[in-house]
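Report on the structure
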Amino acid sequence: MHRRFSLAGDAGASLSTDAVTYGWDIPREDSLKLLGNVDGKRVLDLGCGAGSNAIALAKAGARVIAVDASADQVAAARAACEAAEVRVELHHAPLAELAFVRADTIDAAVSAHGLADVADIDRVFRQVDRVLKPECHFVLSLPHPAFALVDPSDPELRVRRSYWETAPVEAAGPDGPKDVPRTIAGLVQSLTRANFRVDQILEPEPTNGPRSPGWTDAMAKLPATLII
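Here's what I pulled together on the structure shown here. Since the structure is predicted, the reported quantities are computational estimates derived from the model, not experimental observations. (Residues numbered from 1 in each chain as written. Predicted model: local features only at pLDDT ≥ 70, side-chain atom pairs only at ≥ 80, totals over all residues. Heavy atoms only, no water.)

**Focus: the packing of aromatic side chains**
This structure, assessed with the given rule, holds 3 aromatic pairs. Consider the rings of Phe125 and Phe138, whose centres lie 6.0 Å apart with planes at 70°: the pair is edge-to-face. Here Phe125, found in helix α5 (residues 121-131), pairs with Phe138, found in strand β5 (residues 132-143); they are 13 residues apart in sequence, far enough to count as distant. Looking at Phe138, the relative accessible area reads 10%, which means it is buried. Taking the centre distance of 5.5 Å and the plane angle of 45° together, the rings of Phe138 and Phe196 count as tilted. In this pair, Phe138 sits in strand β5 while Phe196 sits in the loop between α6 (184-193) and β8 (225-227), placing the two residues 58 residues apart along the sequence. The two residues Phe138 and Phe196 agree in class, both being buried. In this structure, Arg211 packs its charged tip against the face of Trp215, placed 3.9 Å from the ring centre. (Phe/Tyr/Trp six-rings, centres within 6.5 Å; stacked < 30°, edge-to-face > 60°. Helix = DSSP H or I, 4+ residues; strand = E, 2+ residues; numbered from the N terminus. Buried < 20%, exposed > 50% of the residue type's maximum accessible area, 1.4 Å probe, protein only. Lys NZ or Arg CZ within 6 Å of the ring centre and 35° of its normal.)

Following this line, the structure appears as structure tokens:
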């Protein structure tokens, strides 16, 4: 089992809402500046979980449309938005079904580990391409495929599976979500087929300072998060 960054439940509730967070213990949007200025822009948050990133975007002045496939997470996000006194348009829907968003109306899209357990990610990418305005940014983070090769509890970090293995990876215990492993090349090919141009691929090193609930010592040696 590996520990995946999660915007859901108690893990999501513990995240800061001052800036978009892409993964445990790595630089945030206020350092990376991948989305740019979102003030007054329509921003799509895919796999919003408990709403921490949606709140951060709304605080920055964005008009946020947040989507999650879990009704419980949408309810948690709604409560969090009300507590933070921000307005976010929330939808409970599969992430590949964005019929409620018109084509070419979104100024930026973001997904922080929200697509990790989605089987048909190509369909999601096609939908994001449909709703994004031309030349606008889609920033997504996912579990880094290298991190899935090892057991973080093994001090020697021995390789336990093939990089090209396609069987789902247990992410948070037997009852939790199972991540769909993908190679970096496979992700780039999927994005290219959906008419995206990949500008940056980031494998952030851990930040200094206090560690999050998701920290393991393995994260000091292997990147846990991939950002595209």
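After presenting the structure, the write-up continues.
**What about the pairing of strand β2 (residues 63-68)?**
Along β2, 5 of the 6 residues are buried, which leaves the element largely enclosed by surrounding structure. Bridge analysis of strand β1 (residues 42-46) against β2 gives 5 bridges, and the strand direction is parallel. From the neighbouring strand, Leu44 faces β2, where its bridge partner is Ile65. You can see the chain leave β1, run along helix α3 (residues 52-59) and come back into β2, and the turn it takes is right-handed. Where β2 and strand β3 (residues 88-92) come together, 5 bridges link them in parallel fashion. Bridge pairing links Asp68 to His92 in β3. (Pairing = 2+ DSSP bridges. Right-handed = clockwise from strand over helix to strand, strands pointing away.)

**With respect to the sheet that holds β1**
In space, the 6 strands of this open sheet follow the order β3-β2-β1-β4-β5-β8, with mixed pairing throughout. Each of the sheet's edge strands pairs with one partner strand only, and the pair in question is β3 and β8. Between one strand and the next, the sheet's axes are offset by a mean angle of 15°, whatever the strand orientation. With respect to the sheet, helix α4 (residues 71-84) is in contact with β2 and β3, its orientation differing from that of β3 by roughly 165°. (Axes fitted to C-alpha atoms, helices over the stretch in contact; angles between N-to-C directions. Contact = heavy atoms within 4.5 Å.)

**Describing α4**
Taking 1.5 Å per residue, 14 residues should reach 20 Å; α4 reaches 20 Å between its end C-alpha atoms and fits that length. Among the residues of α4, Gln73, Val74, Ala77 and Cys81 are the ones counted as buried. When α4 is viewed along its axis, its buried side chains cluster within an angular range of 100° and face the same direction. Structural note: α4 exposes Asp72, Glu82 and Ala83 on the side pointing more than 90 degrees away from its buried face. The residue sitting at the N-terminus of α4 and contributing the capping side-chain oxygen is Ser70; that oxygen lies 3.3 Å from the backbone nitrogen of Asp72. (Expected span 1.5 Å × (residues − 1). Arc of directions from axis to C-beta. Polar contact = N/O pair within 3.5 Å; in protein donor to acceptor, adjacent residues only side chain to side chain.)

**Overview of the pattern of salt bridges**
Evaluated as defined, the whole model comprises 9 salt bridges. A salt bridge links Arg197 to Glu135; its shortest N-O distance comes to 3.8 Å. Residue Arg197 is located in the loop between α6 and β8, and its partner Glu135 is located in strand β5; the two are separated by 62 residues in the primary sequence. Judged by relative accessible area, Glu135 falls into the exposed class, the value being 66%. The partner of Arg158 in a salt bridge is Glu156, and the shortest N-O contact between them spans 3.8 Å. Judged by its relative accessible area of 59%, Glu156 is exposed. Linked through salt bridges whose partners overlap, the residues forming this network are Glu135, Arg197 and Asp199. (Salt bridge = Lys/Arg side-chain N within 4 Å of Asp/Glu carboxyl O.)

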